[in-house]
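Listed below are the residues making up each chain.
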Amino acid sequence: MVKYSGVRESRPGRINDLGTTGAQAEENYKKGCLKRADRSFAQGLQCQQINSMAALMSLEDAVFISHSPQGCVGCTTMAVDMYRVGQYHRGIKNIKNPRIIVTNIDQKSAVFGGEKKLRDSVKKAVERYAPKLIFIYASCASGIIGDDIDAIAGDLQTEYPDTIIIPIHCEGFKSKICASGFDAAFLSINKYILKGEKIDKEENLVNLFAPTTVSYADQKEMERMLTRLGAKVNYIPFYSSLEKIRKIPAAIASTSICKVFADEFMKTLLEDYEIPYSHTVMPIGIRNTDKWYRGIAKILHKEDEVEEIIAKEHERIEPLIASLRARLQGKRVFICGGTGRSFAAAALIDDFGMELVGLETPTYDDDAQVDIEYLNGIHKNFVLDIANMQPFEQVNLVNKLKPDAFIGVPEWAAKLGIPTTHVLDGKRPTMGYDGLLFLGNKIADQLQNPGFNKKLAKHVRLPYKDSWYSEDAFKYITGRD
Ligand code: SF4
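Residues numbered from 1 in each chain as written. Predicted model: local features only at pLDDT ≥ 70, side-chain atom pairs only at ≥ 80, totals over all residues. Heavy atoms only, no water.

Notes on the domain arrangement of the chain
How we decide: Those domain boundaries reflect an automatic or database domain assignment. The term buried area refers to how much accessible surface (probe radius 1.4 Å) is lost by two components on association, counted for both of them together. Each salt bridge in this description consists of a side-chain nitrogen of Lys or Arg and a carboxyl oxygen of Asp or Glu lying within 4 Å of one another. The definition of a polar contact used here is a pair of N or O atoms within 3.5 Å, where within protein one atom must be able to donate a hydrogen and the other to accept one, and adjacent residues in sequence count solely through side-chain atom pairs. Note on conventions: DSSP H or I runs of at least 4 residues are helices, E runs of at least 2 residues are strands, and numbering of each starts at the N terminus.
Under the domain assignment used here, the chain contains domain 1 (48-175), domain 2 (205-304) and domain 3 (318-478). Buried area between domain 2 and domain 3, both sides added, is near 2100 Å², and the carbon and sulfur share of it is 61%. Looking only at domain 2, the three residues that lose the most surface to domain 3 are Ile284, Ile286 and Arg287, adding up to 29% of its buried area. Summed over the shared surface of domain 2 and domain 3, the result is 2 salt bridges. Its salt-bridge partner being arginine 287, residue aspartate 371 comes within 3.9 Å of it at the nearest N-O pair. Linking domain 2 to domain 3 there are 10 residue pairs in polar contact (both at pLDDT 80 or more). Elements supplying a minimum of two residues to the side of domain 2 that touches domain 3: helix H9 (216-228) and helix H12 (286-299). Considering each element in turn, the side of domain 2 that touches domain 3 owes the most residues, 7 residues, to H12.

Have a look at this one:
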């Protein structure tokens, strides 16, 4: 069997450049007519290196070496911020920064190689911090010049036997789907830490995979739900440790909070350690929370128990949702987020009686088809933009569709004066039954208080010519016909 390469495009049927409608996408996918297109102009993508780094950045006793020019770690600021706030929420008084070292590949290293810089960085990391783990992240530059980070790591491992040195192949150019960065990190964890070794099972232990964008409130809500099913939760890799990573093979089941986080890794865990897993949806909104909960309950053989819990949860929250619906009914929404969050948010707005007019999400595949079929059943004629960011397409669409509210990554829509709610809020509740109420109130409050974005739109200009707003938003997608 061919092992998964860590590049998401290598899975058959995955598409990441498309401009269409929900209905057309569903029909064409069924007919096998969705082609892998491309963009003749693209405006910056989220790179997979940041996802590889962010996924592991809160691990205890670890140093993160980016074998790259300095600029590559620029976008770690978001993950660093999440890590710092996450520590505060967990009651930690002395808040730490993650230990990030950049080898600073420059023109000279590009010609003569960056090996010495990498060796020196590892040496410094060991001398300064004596960590249990050192992760070496590849970058476009290290990949292009051909530095052999595996061989260098292997060599240094002999020199520093008390630290596990783990190379991660997350060269930015390798994949246009930034979630490939998560896969690259997990492939290396399996190869260098777990190594295929089977250990004794621990009763009721469940691996709960969580990315950086999950708030502490969401962690507690997910743990509360799993504990009610009798599970003992191994929450990883966010805010965890080498010891917790080593426990992964001891689990009796796995699930993930995010749809595109650890999904490929859970397949590996089934193949290498016989750990069954549940991969359904992100638990945002009633329908998705129920579906997520039933998914893991089935693996744990707790189908009857989960139905009882779900009935009680519905009884508790439905009156509160009804009052939110009175505030949100009929509002038109545009959604933009990662694959898991965007589909989950699209299902969530149905709880509040809102209407989906546009959806932007990075990939389309078998999983997305299931979600689109569901969404087409409740929302009619929404525009579907398969794009890893691409703000120029988004502002064009948002400007034409004129939604009442925007849910997702909000920067550009906010500058158009639309009320926005961030769906990647790693600091506040979003998930499970409790998160749903918090998120609903947040959307309703934004709609009632749109002043900030309105003022922003008056004073900030997006960098596009007026003529762009009347063009076809998908004009730069080639090979789609
Ligand atoms: S790894 Fe490549 S794509 Fe990622 S930040 Fe560095 S140069 Fe950019």
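That shown, we press on.
Description of the sheet that holds strand E9 (residues 253-256)
Paired through backbone hydrogen bonds, the strands of a sheet run either parallel or antiparallel to each other. Note the cut-off: Two strands pair if DSSP finds at least two bridges between them.
Across the sheet, 4 strands lie side by side as E8-E7-E9-E10; this open sheet has parallel pairing. With partners counted over all chains shown, the strands left at the sheet margins are strand E8 (232-237) and strand E10 (277-278), one partner each. With 6 bridges connecting them, strand E7 (residues 205-210) and E8 associate as parallel partners. From the neighbouring strand, valine 206 faces E8, where its bridge partner is valine 233.

Side note on the nonpolar core
As a reminder, the rule being used: The set of buried Ala, Val, Leu, Ile, Met, Phe, Trp, Tyr and Cys residues whose side-chain atoms join them within 4.5 Å is what this entry labels a nonpolar core. Burial classes: relative accessible area under 20% of the type maximum marks a residue as buried, over 50% as exposed, and values in between as partly exposed (1.4 Å probe, protein chains only). Note on contacts: a residue pair qualifies if any of its non-hydrogen atoms lie within 4.5 Å across the two residues.
Formed by 106 residues in total, the largest nonpolar core has its most connected members in Leu56, Phe135, Phe209, Leu359 and Tyr364. Once residues lying within four places of it in the same chain are set aside, the contact partners of leucine 56 are Phe64, Phe135, Tyr137, Ile168, Ala185, Ile189 and Pro237. Core analysis: the next-biggest nonpolar cluster, separate from the first, contains 20 residues, Val398, Trp468, Ala473 and Phe474 among them.

Description of the packing of aromatic side chains
Here is the rule we go by: Each Phe, Tyr or Trp ring (for Trp, its six-membered ring) is paired with any other whose centre lies within 6.5 Å, and the angle between the two planes then decides the class: stacked below 30 degrees, edge-to-face above 60, tilted in between. Note on geometry: a ring has a charge over it if NZ (lysine) or CZ (arginine) is within 6 Å of the ring centre and within 35 degrees of the ring normal.
In total, this model carries 18 aromatic pairs according to the counting rule given. Considering the side-chain rings of phenylalanine 334 and phenylalanine 406, the 5.8 Å spacing of their centres and the 5° angle between planes classify their relative orientation as stacked. You can see phenylalanine 334 sitting in strand E11 (residues 332-336) and its partner phenylalanine 406 sitting in strand E14 (residues 405-408), a full 72 residues away along the chain. Neither residue differs from the other here; phenylalanine 334 and phenylalanine 406 are each classed as buried. A connected cluster of aromatic rings, assembled from ring pairs, spans Phe182, Phe186, Phe209, Phe261 and Phe265. Above the ring of tyrosine 239, the side-chain terminus of arginine 90 is found at 3.6 Å from the ring centroid. Above the face of the tyrosine 374 ring, arginine 287 is positioned so that its terminal group lies 3.6 Å from the ring centre.

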